[in-house]
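Chain and residue survey
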Amino acid sequence: GLAWASDRPDLLGVDQDGVASGLRPGRAALHVRAPWGATATLDAFVTGDMLVSLNRGRRGFGIYQLWRGTGDSLLPILVDTSANIHAVWSPDRTRIAFASNRAGAFDLYVMDADGRNLRPLTSGAGVDGPPAWMPDGSRLVFAAARGGPSRLYTVALAGGDAVPLGDGPGGDRDPAVSPDGRTIAFVSARDGNYDLYRMDADGSNPRRLTTTPLREAAPHFV
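Summarised in this report is the structure supplied together with it. (Residues numbered from 1 in each chain as written. Predicted model: local features only at pLDDT ≥ 70, side-chain atom pairs only at ≥ 80, totals over all residues. Heavy atoms only, no water.)

**Observations regarding the overall build of the protein chain**
Stated formally: In this description a helix means any DSSP run of H or I spanning at least four residues, a strand means any run of E spanning at least two, and both kinds are numbered starting from the N terminus. Categorising residues by exposure relies on relative accessible area from a 1.4 Å probe, with only protein chains included: less than 20% of the type maximum marks a residue as buried, more than 50% marks it as exposed, and the intermediate range marks it as partly exposed. Only heavy atoms enter the contact rule, under which two residues are in contact if any of them lie within 4.5 Å. Each accessible area is a Shrake-Rupley result for a 1.4 Å probe, and residues are judged covered by the shown protein chains and nothing else. Under the counting rule used here, the positive set is Lys and Arg, the negative set is Asp and Glu, and His together with the chain ends is not counted. A charge is said to be at NZ when it belongs to Lys, at CZ for Arg, at CG for Asp and at CD for Glu.
Regarding its fold elements, the protein chain presents 0 helices and 20 strands. Oriented by its inertia axes, the alpha-carbon framework of the protein chain measures out at about 65 × 40 × 30 Å. Going through the 222 residues of the protein chain one by one, you find that 40% of them count as buried. Long-range contacts, defined here as pairs at least 24 residues apart, represent 27% of the contacts in the protein chain between residues at least 6 apart. Element-wise, carbon and sulfur atoms account for 51% of the exposed surface of the protein chain, whose accessible area totals about 11600 Å². Within the protein chain, one finds 23 positive and 24 negative side-chain charges whose respective centroids are separated by 3 Å.

Structure representation (C-alpha cells):
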C-alpha cells in the first residue's frame, strides 16, 4: 500500500513496488507515502560505470564518470582549473574521495556523488593520496609524503587530524583495504625493494608478502 514517486522521473524511475531504475547519472529524491499518511524522503544517486580524471583542453584535470548508456559517455562531475585526481566512490556510491591541488599542495577532499558539498579532509605541505575507503565509509586510508618518505595514514570523514598507521620506516604507498575492513595491503620499500605487505587495519602486525627483484605496485583485494 505504499505510494512511491521520484522528483526526477527522467533520471530515476520508480514503480509501484518501490523498485528504482536509474536512467542517467544524477541526483534525485524518492518520496514514499504510507496509507496512514506517514511520509519519508531519501536522496538517491545514479552513478556511472567508472570514474576517470581527464584533461580536456583545460589547465587542470577534471573528474568525470564514464556512462555506457549515453551518447557522450564522459559526463563531468567536477571540472575546474585544479588537478583533481585519484577519484574513488564510497562503498555506497553516495560520495567521492579524491586528491586535489586546489589549495596548493595535493590534499584529500570528499564530495557528494554529483559534485556537491565539496570539503577538504586534509591540509598542509606534502602530497596526499590516493585514498582508499574503509568498507563502512567512515574513514579513508591514504599514503602521504610529508617532509620525508611516504607513510600510510587514516582520516575520519567526520573530521579530525590524519593519524599515522604503524611506525614503519616509511616508503609505504598504494593502500588497499580488504572487503571486511580488517586488513590493509600496501607497497613498501622499507626493506629496500618495493614489495607487497599487509597489516591489520590499525597499523599493527605488518608482514611482507613478496620478495622479488621486481617493483610491486597497486594491490587490490578480490
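Next comes the rest of the account.
**A word on the layout of surface pockets**
Here is the rule we go by: Residues are said to line a cavity or pocket when one of their atoms sits within 4 Å of a point; the points come from a 1 Å grid over protein atoms alone, cavities being sets where a 1.4 Å probe fits but cannot get out and pockets being open sets with protein on both sides within 12 Å along at least five of seven lines. Grid points are joined across faces, edges and corners, and a volume is the space filled by probe spheres set on the points. Side-chain classes are defined by residue name, with Ala, Val, Leu, Ile, Met, Phe, Trp, Tyr, Cys and Pro counting as nonpolar, Asp, Glu, Lys and Arg as charged, and the others, Gly among them, as polar.
Of the pockets and cavities examined, the largest pocket occupies roughly 530 Å³. Taken together, 20 residues line the largest pocket, and the ones lying closest to its centre are Val-88, Pro-131, Ala-132, Pro-175 and His-220. Listed by contribution, the elements that provide at least two residues to the lining of the largest pocket are strand S9 (84-89), strand S13 (127-133) and strand S17 (172-177). Around the second largest pocket sit 13 residues that line it, and Pro-25, Gly-26, Gln-65, Pro-76 and Ile-77 are the ones nearest its centre. Going through the elements one at a time, strand S4 (26-33), strand S5 (39-46) and strand S8 (74-78) are the ones with two or more residues in the lining of the second largest pocket. The leading source of residues in the lining of the second largest pocket is S8, at 3 residues. In the lining of the second largest pocket, the residues fall into 7 nonpolar, 3 polar and 3 charged.

**Focus on the pattern of salt bridges**
The condition is simple: Put simply, a salt bridge is a Lys or Arg side-chain nitrogen that is within 4 Å of an Asp or Glu carboxyl oxygen.
Applying the stated rule across the entire model yields 13 salt bridges. With a shortest N-O distance of 2.7 Å, Asp-172 and Arg-190 are connected by a salt bridge. Of this pair, Asp-172 sits in strand S17 while Arg-190 is found in the loop between strand S18 (183-188) and strand S19 (195-200), placing the two residues 18 residues apart along the sequence. The class of Asp-172 is buried, set by a relative accessible area of 4%. It is possible to trace a salt-bridge network through shared partners that takes in Arg-27, Asp-43, Asp-112, Asp-114 and Arg-116.

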